[in-house]
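# Structure assessment
Residues per chain, in single letters:
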Amino acid sequence: MALIELTNVTKRYRVGSQDIVALDGIDLVIEQGEYAAIIGPSGSGKSTLMHLLGCLDTPTSGMMRIDGIDVSRASANKLSEMRNQKIGFVFQSFNLLAKFTVLQNVELPMIYAGVTAQERRTRALAAVERVGLSNRVKNTPLQLSGGQMQRVAIARALVNDPRIVFADEPTGNLDSKTGATILELFRELSEQGRTIVLVTHDNKIAAQTPRRIEIQDGKIV
Amino acid sequence: MNLWLGLLLGLKEISSHKFRSFLTMLGIILGVASLLSMFSLTAGMAKGMREYMQQVGGIEKVGIITQDVPIEQEGYAEISPGRTVADAEAILKSADLVSYVTPVSELQSCAITRANQLFRSFVVGAWPDFVPINKHEVARGRNLSLMDVENAQHVCVIGDGISQRLWPELPHFNPIGQSIMLNGCPFTVVGEFTHYEREEDKRRREQAAKAPPVERDRTKRKPPGGAPGGGRGGGSGGGMFDRKNAMILIPISTMFYEFKSASVVGLVDQGPNYKLDQLSFQVADTAAFQQTMNQVQAIVGATHRGIEDFTFDTKQEWFDTIEESVQSTRLSGGMIAGISLLVGGIGITNIMLASISERIREIGVRRAVGAKGRDIFMQIVVESAVIGFIGGVLGLAASFGIMKILVMISDKNAPVVELPAVLISFSFALIIGVVSGFYPAIKASRLDPIEALRYG
């Protein structure tokens, strides 16, 4: 069974009196273990698609299944649960909590999963080690470089062992050399069997992934 | 997310904005402090009043006082002998609901002399029952006896204030057996009453006795544990007991024979005046108050030959008024302090709203990694409750400071801190903290995660 399955998904926004069609009849299947890039110019609807896939939002119409669960009409609480258990996010601007240490940032998803303090610590340490930052656990994000911050974000995304990781322009705020190491990390994770979906507008990045999903004017081309 | 983590998070948030949090708490601190101080001050006031009421005889003391006779009895009102010792004797004999009864005849401005000491004071002539009715206590020697009354003995029981004045150079002097002159007539002191003072003065005096002597003069006059305070030192602020401490009690018979056998009005001797100044009794059981009244009414009605020239003077109304005024002081003070707490709560709401707009991004991140709306709601409410909690604790501490200052600048009744008042003030602060967090928390929990992530 496909990990993600979208059938005729549309998303409309109302801005003022204008109806904007952000996604227009998307059909998409992503299999377990795939490494894909969603690519498209700004305004193409790729962010909207990622919000839907990431369970931050629900479609206006159409059918959407993630890991066999129909989320097209799910409640806000159900969506929160999905984000917590099945999905990991990596953002362009890292979105780490500046007042907390690296370890605490990585522990954050587990707090909402109800994991005990001791297990949180073990798992967070393991995740931080996986991204190669074991020596910085006590630091706060502001004491880290951009690449290190993104690694912390990746550790946070992985810590609840999600079925799929979404990365929204993960290298957008990084210089090309650091960006390359981050992409390398994603490739490694993919080789270990993680399902990863990158969202980007950069063809060079999309060229490195086995699968390209091009989107334009709300449609997959 | 559990409560414990929420608490830690709230504390972290508060400690990362220490000054701002303190300003936010200040409203709660002042509110709680004023609420508790107000409660404690009223409680202290009420305690002082009750103490005083008890000292003047309590609710069970009833006086029989004269009143104008009803209009239809005016013509033959003279057939009533008025209040006399016979009334007291009749009550003593027949009123089984009365525990003590005494007639009282007073002598104002009597010259009191011993050696070279001379001053004027009042003298009370009564029966031994006068002592229990008026909550007097004999500290040394003995009370008057029925035999003293029967034989019109020249004996007296004096208040502590009188011994102070008669033996000013001897603060701890035992006057029993000494002779003093009342209007030139010798009396033997057979007893001395205790030194009456407010509990608070007593406490203060004992503390002063324990503490190293700062004011040497005062401590010298008041030996540790000693009853009589120095002439004025012990009496400071105890004004309401001054009269009680200045008591000179003699048998009523002696009073009549020595001082009341002639009453000169306008250079003409009107003959003996055996009318009483007071006639009071003590109700044995306050539950049977009205029955006791009816009984005494019937007995005194008979000795007065049916003339209704007397009525009862009970403290009931007075007590009720005092209790009522304490209640209303507490209520209005509580309301004002409550309003200041509410204002503090509005301050919390305001700051929490500001703090949320600062943290929209953080809320978005938390939602993205799986926080539910109710997790966010709880985080904000707990944070606001923590502000209320800390504010409450600091407020309680502050109120003790405020009370200390109030006690120092005024010599009134010391505030009494009661546990319920502490609990009420504190839980009010906590409730205010929780409730003020509601609106910001609802607002935060309803933020759209996508919008929140894009913010800033």
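So, here is what we can say about the structure in this document. (Residues numbered from 1 in each chain as written. Chains lettered and ligands numbered in written order. Predicted model: local features only at pLDDT ≥ 70, side-chain atom pairs only at ≥ 80, totals over all residues. Heavy atoms only, no water.)

Within chain B one finds 16 helices and twelve strands. Scaling as 2.2 N^0.38, a compact globule of 456 residues should have a C-alpha radius of gyration of about 23 Å, whereas chain B reaches 33 Å, well beyond that. With the C-alpha coordinates of chain B rotated into their principal frame, the extents come out at 110 × 60 × 40 Å. Buried residues in chain B amount to 48% of all 456 residues. (Helix = DSSP H or I, 4+ residues; strand = E, 2+ residues; numbered from the N terminus. Rg over C-alpha atoms; globule rule 2.2 N^0.38 Å. Buried < 20%, exposed > 50% of the residue type's maximum accessible area, 1.4 Å probe, protein only.)

Looking now at the sheet that holds strand β8 (residues 195-200) of chain A. Residues and elements named next belong to chain A. The six strands are arranged β6-β7-β8-β3-β9-β10 in an open sheet whose pairing can be described as mixed. Each of the sheet's edge strands pairs with one partner strand only, and the pair in question is β6 (87-90) and β10 (219-220). Strand direction decides the pairing type here: β6 and strand β7 (residues 164-168), joined by four bridges, are parallel. Bridge pairing in β7 links F89 to F166. Sheet contacts for helix α6 (residues 176-191): β3 (35-39), β6, β7 and β8; angle to β8, the most-contacted strand, approximately 150°. (Pairing = 2+ DSSP bridges. Contact = heavy atoms within 4.5 Å. Axes fitted to C-alpha atoms, helices over the stretch in contact; angles between N-to-C directions.)

Bringing unusual backbone geometry into the picture now. At C55 of chain A, a residue that is not glycine, the phi angle is positive and equals roughly 60°. Here C55 of chain A shows up in the loop between α1 (46-53) and β4 (61-66). C55 of chain A sits in the buried class, given a relative accessible area of 0%. Backbone geometry at R305 of chain B places phi at a positive 55°, although glycine is not the residue there. The class for R305 of chain B is exposed, based on a relative accessible area of 58%.

A word on the interface of chain B and chain A. Accessible area lost upon the coming together of the parts serves often as the stated size of an interface. Taken together, the contacts link 26 residues of chain B with 22 residues of chain A. Both faces combined, the contact of chain B with chain A buries some 2100 Å², and carbon together with sulfur accounts for 60% of it. Seen at the junction of chain B and chain A, the total is two salt bridges. The closest approach of N and O atoms between K372 of chain B and E81 of chain A, which form a salt bridge, is 3.3 Å. If you look at where chain B meets chain A, you find nine residue pairs in polar contact (both at pLDDT 80 or more). At the level of elements, α1 (3-16), α13 (360-368), α14 (373-409) and α16 (449-454) of chain B are the ones that each hand at least two residues to the side of chain B that touches chain A. Here the side of chain B that touches chain A gets six residues from one element, more than from any other, and that element is α13 of chain B. Class assignment for the residues of the side of chain B that touches chain A results in ten nonpolar, five polar and eleven charged. (Buried area = accessible area lost by both parts, 1.4 Å probe. Salt bridge = Lys/Arg side-chain N within 4 Å of Asp/Glu carboxyl O. Polar contact = N/O pair within 3.5 Å; in protein donor to acceptor, adjacent residues only side chain to side chain. Nonpolar A, V, L, I, M, F, W, Y, C, P; charged D, E, K, R; others polar.)

Looking now at the sheet that holds strand β1 (residues 4-15) of chain A. Residues and elements named next belong to chain A. The four strands lie next to each other as β2-β1-β4-β5, forming an open sheet whose pairing is antiparallel. Each end of this open sheet is capped by a strand with a single partner; those strands are β2 (18-30) and β5 (69-70). Across nine bridges, β1 lies against β2 in antiparallel orientation. Note on β2: the bridge partner recorded for V15 is Q18.

The next subject is the layout of surface pockets. Residue and element names in this part refer to chain B. The computed volume of the largest pocket comes to approximately 510 Å³. Mapped by element, the contributors of at least two residues to the lining of the largest pocket are α2 (18-55), β1 (61-66), β3 (117-126), α9 (242-245) and β11 (278-283). Partitioned by chemical class, the residues of the lining of the largest pocket number twelve nonpolar, six polar and eight charged. (1 Å grid on protein atoms, 1.4 Å probe; cavity = no way out; pocket = protein on both sides within 12 Å on 5 of 7 lines; lining within 4 Å. Points joined across faces, edges and corners; volume = space filled by probe spheres on them.)

Let's shift gears to the side chain of S37 of chain B. All names here are of chain B. Mapped onto the elements of the fold, S37 is located in helix α2. Looking at S37, its side chain comes within polar contact range of the main-chain oxygen of A33, at 2.4 Å. Once you skip the residues sitting within four places of it in the chain, S37 turns out to touch S399, I402 and M403.

Moving on, we come to the nonpolar core. Residues and elements named next belong to chain A. If you look at the biggest cluster of nonpolar residues, it comprises 74 residues, and the most contacted ones within it are I4, L6, L49 and F166. Residue contacts for L6: discarding those within four places in its chain leaves I26, D27, L28, L49, L53, M63 and M64. Membership of the second largest hydrophobic core comes to 38 residues, among which are Y35, A37, V90 and A153. (Core = buried A, V, L, I, M, F, W, Y, C linked by side-chain atoms within 4.5 Å.)

So, about the environment of N95 of chain A. Structurally, the position occupied by N95 of chain A is in the loop between β6 and α3 (102-113). Since its relative accessible area comes to 5%, N95 of chain A is described here as buried. When the C-alpha atoms of N95 of chain A and A126 of chain A are compared, they prove to be 21 Å apart, with 31 residues separating the residues in sequence. The residues touching N95 of chain A, leaving out its near neighbours within four places in the chain, are R156 of chain A together with R361, V365 and L453 of chain B.

Moving on: the pattern of salt bridges. By the definition in use, this model includes 26 salt bridges over all chains. Note that R14 of chain A and D19 of chain A form a salt bridge whose closest N and O atoms lie 3.7 Å from each other. Residue class for D19 of chain A comes out partly exposed when judged on its relative accessible area of 46%. Note that E188 of chain A and R130 of chain A form a salt bridge whose closest N and O atoms lie 3.5 Å from each other. Placement of E188 of chain A in helix α6 and of R130 of chain A in helix α4 (residues 117-130) is noted, with a sequence separation of 58 residues between them. We classify E188 of chain A as partly exposed; its relative accessible area is 30%. Given a relative accessible area of 28%, R130 of chain A falls into the partly exposed group. Put simply, K99 of chain A together with E13, R359 and E383 of chain B are held in one network by salt bridges that share partners.

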